Amino acid sequence: MAAQQSGLETFRLFSSSSSSDDKAPQLGLGLFDSPQNPLPPPPPCLEVLPSQVPLAVKHTVEPVNLDGLTLLKGRVSTQDVFKLSNSDLVPGKYEGGLKLWEGSLDLVRTLCSEVEDGHLSFSGKRVLELGCGHGLPGIFACLKGAAVMHFQDFNAEVLQCLTIPNVDANLKKNSQSLNPDATEIRFFAGDWSEVHQILPHLQRVEKDPNCSSEVDPSTGYDIILMAETVYSISALPILYGLVKKCMSRPDGVVYMAAKKHYFGVGGGSRRFLSVVEKDGTMAASLVAEVADGSSNVRELWKLCFK
């Protein structure tokens, strides 16, 4: 399984004075994820409406071919949106959501394969994409009949300037084969430590007359998608905690695309899975591995409750 090179950018978390991607990060979080300066408070959690897309920011699209499936990827300038150069990531302010990372394309390919093999169905399902950026995996879920598709990103600006226009462009491209009212599509901005407060489909615990607690199986998201979200060590337990709050029981599933290791920042799929294993409530299985020489080894994992 090899990643297409057209339309994607090699994962690079921090800008550097050197042109080499092998240099250590020049700002933000170091090897052990210890910030040199305290991070600013996260932006407020809020729902972003399609009507809030700014007209002043130029949004263009170009096709991305994913082994026969063609989606549209948007392009906007981080200079226009955040007043930052295109290679910058500022921890606590901008988390790279305007770039199209390799893992997002890996995840779409894997989802397509899982659907074709009969291992996954989006039809009628509630789906959440965390750290969505362009939202290509979530867009694929819409095209495959998801009943609910919610997109989450750290920055409201990413949702306003990139995700919403990109979702709109892809759905219009496929409008002849879609029922426009078939999927509830919403967008939520906020930090993973707080955004559960505004997400509509959290797990709901009900108490019976004997005072025992049971999770209502009709609540939560049936499928959670995330790509390139596990690069920061300090964020791993927060992200996992959010997944546990959002995933429906007992049959919910997570599909995660990530690099095995993010050199220079310390995170990676295996670091995240160590958090999962230590908690002991979920099982993880490797779905695919991508070792095409274009970057560190990338992995696709599936998580479910034991």
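Residues numbered from 1 in each chain as written. Predicted model: local features only at pLDDT ≥ 70, side-chain atom pairs only at ≥ 80, totals over all residues. Heavy atoms only, no water.

A. Region of the structure containing the pattern of salt bridges. Scanning the model with the defined rule gives 14 salt bridges in all. Of the charged contacts in the structure, one is a salt bridge between Glu62 and Arg75, with a shortest N-O distance of 3.7 Å. Taken as a pair, Glu62 in strand 2 (residues 60-66) and Arg75 in strand 3 (residues 69-75) lie far apart in primary sequence, 13 residues in all. The salt bridge involving Arg109 is made with Asp106; its shortest N-O contact spans 3.7 Å. Of this pair, Arg109 and Asp106 both sit in helix 2 (residues 102-116), 3 residues apart, roughly one helical turn. Since its relative accessible area comes to 7%, Arg109 is described here as buried. A residue is classified by how much of its surface remains accessible, and Asp106, at 1% relative accessible area, is buried. A network of salt bridges, in which partner residues are shared, links Asp67, Glu102, Asp106, Arg109, Glu228, Lys259, Asp292 and Arg298. (Salt bridge = Lys/Arg side-chain N within 4 Å of Asp/Glu carboxyl O. Helix = DSSP H or I, 4+ residues; strand = E, 2+ residues; numbered from the N terminus. Buried < 20%, exposed > 50% of the residue type's maximum accessible area, 1.4 Å probe, protein only.)

B. Focus on the confidence of the model for the chain. On average, residues of the chain score 85 in pLDDT, and 83% of them reach the 70 mark or higher. Long-range and interchain partners of residues 1-35, a stretch whose pLDDT sits below 50, account for 89 contacts in this model, where long-range means more than four residues apart. (pLDDT = per-residue confidence, 0-100. Contact = heavy atoms within 4.5 Å.)

C. Broad picture of the sheet that holds strand 11 (residues 282-290). The 8 strands lie next to each other as 1-6-5-4-9-10-12-11, forming an open sheet whose pairing is mixed. Sheet topology places strand 1 (46-48) and strand 11 at the edges, where each strand pairs with a single neighbour. Strand after strand, the sheet turns through a mean of 20° between neighbouring axes, direction not considered. Two strands pair when backbone bridges link them, and strand 10 (residues 253-259) and strand 12 (residues 298-305) are joined in this way by 7 bridges, in the antiparallel orientation. Paired with Met256 across the strands is Trp301, a residue of strand 12. This element, helix 4 (residues 156-173), spans strand 1, strand 5 (148-153) and strand 6 (184-189) of the sheet and lies at about 160° to strand 6. In this fold helix 6 (residues 269-279) packs onto strand 9 (223-227), strand 10, strand 11 and strand 12, with an angle of close to 15° to the strand it touches most, strand 12. (Pairing = 2+ DSSP bridges. Axes fitted to C-alpha atoms, helices over the stretch in contact; angles between N-to-C directions.)

D. Main features of the side chain of Ser248. Assignment of secondary structure puts Ser248 in the loop between helix 5 (236-246) and strand 10. Exposure remark for Ser248: the relative accessible area of 3% places this residue in the buried category. Once residues within four sequence positions are removed from consideration, Ser248 is found in contact with Arg126, Thr219, Gly220, Tyr221, Asp222 and Phe305.

E. The arrangement of the packing of aromatic side chains in detail. This model, assessed by the stated rule, comprises 5 aromatic pairs. Aromatic side chains Phe122 and Phe140 sit 6.0 Å apart centroid to centroid with 85° between the ring planes, which places their arrangement in the edge-to-face category. Of this pair, Phe122 sits in the loop between helix 2 and strand 4 (126-130) while Phe140 sits in helix 3 (residues 136-143), and the two are 18 residues apart along the sequence. Sitting above the plane of the Phe305 ring, Arg249 keeps its charged end 4.0 Å from the centroid. (Phe/Tyr/Trp six-rings, centres within 6.5 Å; stacked < 30°, edge-to-face > 60°. Lys NZ or Arg CZ within 6 Å of the ring centre and 35° of its normal.)

F. Representation of unusual backbone geometry in the model. Put simply, Arg249 and Pro250 share a cis peptide bond, and its omega is 5°. In the Ramachandran plot, Lys83 falls in the positive-phi region, its phi being about 60° despite a non-glycine side chain. Look at Lys83 and you get exposed, because its relative accessible area is 62%.

G. Representation of the pairing of strand 9 in the model. Most of strand 9 sits inside the fold, with 5 of its 5 residues counted as buried. Side chains Ile223, Leu225 and Ala227 project from strand 9 onto one buried face, and the interleaved Ile224 and Met226 project onto a second face that is buried too. Bridge count between strand 4 and strand 9: 4 bridges; the pairing is parallel. Within strand 9, the position partnered with Glu129 by the bridge is Leu225. The pairing of strand 9 with strand 10 spans 5 bridges and is classified as parallel. Residue Leu225 lies in a different strand from strand 10, and its bridge partner there is Tyr255. In this fold, strand 9 hands off to helix 5, which returns the chain to strand 10; that crossover is right-handed. (Right-handed = clockwise from strand over helix to strand, strands pointing away.)

H. The environment of Tyr94, seen in detail. With respect to the helices, strands and loops of the structure, Tyr94 is situated in the loop between helix 1 (78-82) and helix 2. The sequence separation of Tyr94 and Glu157 amounts to 63 residues, and the corresponding C-alpha distance is 9.4 Å. Polar contacts involving the side chain of Tyr94 include one to the main-chain amide nitrogen of Leu98, which spans 3.2 Å. (Polar contact = N/O pair within 3.5 Å; in protein donor to acceptor, adjacent residues only side chain to side chain.)

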